[in-house]
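# Geometric and topological summary
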Amino acid sequence: MSEAQAYLNGVFIPDSEAKLAVTDLGIVYGASVTEMVRTFQHKLFMLDDHLQRLFMALEYVGIESPVSASELKQICETLVKKNAALLPGQHDLGLTVFITAGHNLPYLGLAEQEVCQTPTVCVHTFPLAFELWDRKYAGGQHLMRSEVQPLNTAIFDPGVKSRSRIHLYRADKLVRRKNPEASALLFDPAGYVAETTIGNFFLVQGNQIYSPRPEYVLGGISQRMVIRLAKQLGLDYQETDISPNMILEADEALTSSTAYCLMPVTRFEDHQMSQGSPGPVFQKLIAAWSQTVGVDILQQAQEIGAARRQACLSTSG
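Below or above, wherever it landed, is the structure these notes cover. Just so it is clear, the structure is predicted and the values come from calculations on it, not from any experiment. (Residues numbered from 1 in each chain as written. Predicted model: local features only at pLDDT ≥ 70, side-chain atom pairs only at ≥ 80, totals over all residues. Heavy atoms only, no water.)

## Some words on the side chain of Asp 188
What counts is decided by this rule: Only DSSP runs of H or I with at least four residues qualify as helices, and only runs of E with at least two residues qualify as strands; both kinds are numbered from the N terminus onward. Polar contacts, as used here, are pairs of N or O atoms within 3.5 Å; protein pairs need one atom able to donate a hydrogen and one able to accept it. Residues neighboring in sequence count only if both atoms are side-chain atoms.
Take Asp 188: it is sitting in the loop between β8 (182-187) and β9 (193-196). Polar contacts involving the side chain of Asp 188 include one to the main-chain amide nitrogen of Ala 190, which spans 2.8 Å.

## Re the packing of helix α8 (residues 221-232) against helix α10 (residues 280-293)
Let me state the cut-off plainly: Think of each axis as a best-fit line through the C-alpha atoms, taken over the contacting stretch in the case of a helix, with angles from 0 to 180 degrees between the N-to-C directions. The cut-offs work like this: below 35 degrees is roughly parallel, past 145 is roughly antiparallel, 65 to 115 is roughly perpendicular, and the gaps in between are oblique. Contact definition: two residues touch when any of their heavy atoms are within 4.5 Å. Following the grouping adopted for this structure description, the nonpolar residues are Ala, Val, Leu, Ile, Met, Phe, Trp, Tyr, Cys and Pro, the charged ones are Asp, Glu, Lys and Arg, and the polar ones are all others, Gly among them.
Two elements in contact, α8 and α10, have axes whose closest approach is 10 Å; the angle formed by their N-to-C orientations is 100 degrees. As judged from the angle between their axes, α8 and α10 are roughly perpendicular. Contact residues: α8 offers Ser 222, Met 225, Val 226, Leu 229 and Ala 230, while α10 offers Leu 285, Ala 288, Trp 289 and Thr 292. Grouping the constituent residues of the contact of α8 with α10 by class yields seven nonpolar, two polar and no charged.

## Focus on the side chain of Lys 161
Using the following cut-off: Residue burial is assigned from relative accessible area. The probe radius is 1.4 Å, only protein chains are included, and a residue is buried under 20% of its type maximum, exposed over 50%, and partly exposed in between. We score Asp and Glu as negative and Lys and Arg as positive, and we do not count His or the chain ends. What counts as a salt bridge is simple: a side-chain nitrogen of Lys or Arg found within 4 Å of a carboxyl oxygen of Asp or Glu.
Structurally, the position occupied by Lys 161 is in the loop between β7 (141-145) and α7 (166-178). Buried and unpaired, Lys 161 has no salt bridge, with Glu 35 as the nearest side chain of opposite charge at 5.0 Å.

## Some words on the sheet that holds strand β4 (residues 43-44)
Stated formally: Two strands pair if DSSP finds at least two bridges between them.
Pairing within the open sheet is antiparallel, and its six strands lie in the order β2-β1-β6-β5-β3-β4. Lying at the two open borders of the sheet, with one neighbouring strand each, are β2 (11-14) and β4. As paired strands, strand β3 (residues 32-40) and β4 are joined by two bridges and run antiparallel to one another. Paired with Phe 40 across the strands is Lys 43, a residue of β4.

## Let's talk about the nonpolar core
Note the cut-off: To define a nonpolar core, start from buried Ala, Val, Leu, Ile, Met, Phe, Trp, Tyr and Cys residues and group those joined through side-chain atoms within 4.5 Å.
Membership of the largest hydrophobic core comes to 35 residues, with the highest contact counts inside it found for Trp 133, Tyr 137 and Trp 289. Elements represented by at least two residues in this core include exactly β3, β10 (200-205), α8, β14 (261-268), α10 and α11 (297-316). Beyond its immediate chain neighbours, meaning those up to four positions away, Trp 133 contacts Leu 128, Ala 259, Tyr 260, Met 263 and Ala 301. Core analysis: the second largest hydrophobic core is formed by 25 residues, Leu 54, Leu 58, Leu 72 and Val 97 among them.

## Some thoughts on the pattern of salt bridges
Across all of its chains, the model carries nine salt bridges by this definition. Across the pair Glu 147 and Arg 170 runs a salt bridge, and its minimum N-O distance is 3.8 Å. With Glu 147 in the loop between β7 and α7 and Arg 170 in helix α7, the pair connects residues that are 23 residues apart, well separated along the chain. Take Arg 170: its relative accessible area is 43%, and that puts it in the partly exposed class. Across the pair Asp 241 and Arg 213 runs a salt bridge, and its minimum N-O distance is 3.0 Å. Of the two residues, Asp 241 is situated in the loop between β12 (236-240) and α9 (244-249) and Arg 213 in the loop between β11 (208-212) and α8; the sequence distance between them amounts to 28 residues. Accessibility expressed as a relative area gives 38% for Arg 213, which makes it partly exposed.

## Brief notes about the packing of aromatic side chains
Filter applied, for reference: Put simply, two rings from Phe, Tyr or Trp (the six-membered ring, in Trp's case) pair if the centres are within 6.5 Å, and we call them stacked under 30 degrees between planes, edge-to-face over 60, tilted for the rest. A ring is considered to have a charge above it if a Lys NZ or an Arg CZ atom is located within 6 Å of its centre and within 35 degrees of its normal.
Evaluated as defined, the whole model comprises six aromatic pairs. A ring pair is formed by Phe 45 and Trp 289, whose centres lie 6.5 Å apart and whose planes are at 40 degrees; its orientation type is tilted. With Phe 45 in the loop between β4 and α2 (47-61) and Trp 289 in helix α10, this residue pair connects regions lying 244 residues apart in the sequence. In terms of burial, Phe 45 and Trp 289 fall into one category: buried. Pairwise contacts between aromatic rings join Phe 40, Phe 45 and Trp 289 into one cluster. Note that Arg 145 overlies the ring of Phe 187, its terminal NZ or CZ placed 4.1 Å from the centroid.

## Some remarks on α2
Stated formally: By this rule, a helix spans an expected 1.5 Å times one less than how many residues it contains.
Taking 1.5 Å of rise per residue, 15 residues should cover 21 Å, and α2 covers 21 Å from first to last C-alpha, within 8% of that figure. Contacts made by the buried residues of α2 are with β3, β4, α3 (69-84), β5 (93-100) and α8. The positive-phi residue at the C-terminal boundary of α2 is Gly 62, with phi of around 85 degrees.

## Regarding the pairing of β2
Summarising the sheet, strand β1 (residues 5-8) and β2 pair through four bridges and their orientation is antiparallel. Counterpart to Leu 8 in the pairing with β2 is Val 11. Linkage of β1 to β2, two consecutive antiparallel strands, is achieved through a turn of two residues, within which Asn 9 is found at a positive phi near 50 degrees.

## As for the pairing of β11
Burial within β11 is extensive, with five of its five residues counted as buried. Residues of β11 alternate between two faces, with Gln 208, Tyr 210 and Pro 212 on one and Ile 209 and Ser 211 on the opposite face, all of them buried. Pairing analysis gives three bridges linking β10 to β11, with the strands arranged antiparallel. Of the residues in β11, the one forming a bridge with Leu 203 is Tyr 210. Between β10 and β11, which pair antiparallel one after the other, the connecting turn spans two residues, and Gly 206 there sits at a positive phi close to 65 degrees. Bridge analysis of β11 against β12 gives five bridges, and the strand direction is parallel. The partner of Gln 208 across the bridge, within β12, is Asp 236.

This is how it looks when you write it as structure tokens:
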């Protein structure tokens, strides 16, 4: 096998052939729920947690999956086994699962009603793009306040991970008009921190880790890992309202997301944080995370990221 495989509606096919029709409701309405999982040593991390959240989302939006959670788990594991064989041993994969609501009936007509009511199920993988974030482990990331607000339960439950994320795209777009290197931090209507466009936010003050209240937040699987590790390390964890002033006064700020796991924040707006470098709590958490998964997360990202960046320069030159 020279090309990675994907799973689409019951069959494993070459990744290049995994395509959606323009009539699919995932494209027409963004009517699709999704999960992204990563591997460590080619083993999917916290897959059961991701699938549990996926099926809760399906129930919320009213999509009936044609495959069960156990079947989908087997599909994911089979696909990783197939595609990991194409990677060097020290590399790892990201895996995306998405299930759409089917096809748009007005586009296809009553004769295709059954097709329209059958959800699309797709699973695909990709080599993790370490070169996009490896340097941020040492230099940190820059967050800026976004004018875009998060979802709320009156419109759509923010705890459901869907493909309808145009507000998050817009949030980063607007922030990057001011600073191309920054990422958006969203605040709720009361002016308290909600989340970033790709992950959860944390503050560190002494022995205490704070995260925003869950009402406007997609509760992350990586966030669960942070909570677990914090308890192991004897750190207190609390959900609370986080104001901009609290960010400015904090010892450290962090974000978590599936691909990069945990990332320090070294600048908020024009304010430097933790003296512009990763703080001790970040170092403790990422070390504990690395020990748990049996991979030095920082070393893996830095070595592969540097190699890929050099390969890109060689190709462009």
